[in-house]
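The primary structure of each chain is shown beneath.
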Amino acid sequence: MVLALDFMADWLAHIGQAEANFSVTELSILFLLILIETGAIIAGFIPGDALVMTAAGFAGRHHSPTEFIVLVVLFTVASAIGDSINYWLGAWIVKQVDKIPWVKRHLNEDLSDKIAHNLNPKRWLLFIIMGRFIPYIRTIVPLSAHRLKLPFKTYFHMSALASFLWALTMVTIGYFFGHLTLPKGVLPTIIIVGLVAAILILRSKRFRQSIIQLITKPTQEKEEK
């Protein structure tokens, strides 16, 4: 895991120093990284949000609207396909959870069970969109969709919309900062600080509870109180 992160950091530093636009090879690697981070379930060590914003920041440095559009489409497709893979792997993964303790811990089973039993059917779209933006829910969403028998066609349409909104938001943020004339090293620092702040917020029990209340049945919320 550490070696993979080191390689990724070195590779990003390399392409960040290049003045030319992204090559087909670089775009292909970015696509695969997001696909794996989204679809492999246990590849959460890949910092997908930071990767997308960093790549978009480089596009901003190139002042290339074409690269902006390409990255939005690239990450949307990679995310949607990854979520679809995750959906179909869900049945197998759920069966293996009790057999593999490490997987059980990674999937945050207690939270997954709570959401699965109390999910408000009217909040599927909200759940799927939030799950695309919130790391600790991101892995649970496709598994819950499969477990609760949400039709794949319905799930895919919602997932594709969520993936587009996520890609557009992250690429826009990265592109904006990359487009600015910032001293060397400032953009990575901003992204790291933002990620640390996000992690601290996500670890807050109050924040998690507020998210759960948004997507669970009102009757269940009252009973828990």
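Please refer to the structure placed before this passage.
The model shown is predicted, which means the values in this text are computed figures rather than measured ones. (Residues numbered from 1 in each chain as written. Predicted model: local features only at pLDDT ≥ 70, side-chain atom pairs only at ≥ 80, totals over all residues. Heavy atoms only, no water.)

Engineer: Please explain the overall build of the chain as it appears in this structure.
Structural biologist: Summing up its helical and strand segments, the chain has 13 helices and zero strands in all. When the helices and strands of the chain are placed in sequence order, the string is α-α-α-α-α-α-α-α-α-α-α-α-α. Within the chain, the fraction of its 225 residues that count as buried is 44%. In the chain, the share of contacts with a sequence separation of at least 24, taken over all contacts with a separation of at least 6, comes to 79%. A total of about 12,200 Å² of accessible surface is found on the chain, and carbon and sulfur atoms cover 68% of it. (Helix = DSSP H or I, 4+ residues; strand = E, 2+ residues; numbered from the N terminus. Buried < 20%, exposed > 50% of the residue type's maximum accessible area, 1.4 Å probe, protein only. Contact = heavy atoms within 4.5 Å. Areas by Shrake-Rupley, 256 points an atom, 1.4 Å probe, with all protein chains shown as cover.)

Engineer: Got a minute to help me understand the nonpolar core in this structure?
Structural biologist: Ranked by size, the top nonpolar core spans 22 residues in total, and within it Phe-22, Leu-30, Leu-71 and Phe-75 carry the most contacts. If you list the elements that add at least two residues to this core, you get α2 (24–39), α3 (48–62), α4 (65–96) and α10 (152–179). With 19 residues, the next largest nonpolar core counts Ile-115, Phe-127, Ile-134 and Val-141 among its residues. (Core = buried A, V, L, I, M, F, W, Y, C linked by side-chain atoms within 4.5 Å.)

Engineer: Where do I start with empty space enclosed by the protein in this structure?
Structural biologist: In this approach the atoms are scanned with a rolling probe the size of a water molecule, which exposes any empty space left behind. For the structure shown, the criterion picks out one cavity of 30 Å³ or more. Volume-wise, the largest cavity comes out at about 50 Å³. In terms of lining, the largest cavity is formed by Asp-83, Ile-128, Gly-131, Arg-132, Arg-138, Val-141, Pro-142 and Tyr-155. Put simply, the parts of the chain that give the lining of the largest cavity at least two residues each are α7 (124–133) and α9 (140–147). With three residues, α7 is the largest single contributor of residues to the lining of the largest cavity. Counted by class, the lining of the largest cavity contains four nonpolar, one polar and three charged residues. (1 Å grid on protein atoms, 1.4 Å probe; cavity = no way out; pocket = protein on both sides within 12 Å on 5 of 7 lines; lining within 4 Å. Points joined across faces, edges and corners; volume = space filled by probe spheres on them. Nonpolar A, V, L, I, M, F, W, Y, C, P; charged D, E, K, R; others polar.)

Nothing here speaks to function; it is all geometry.
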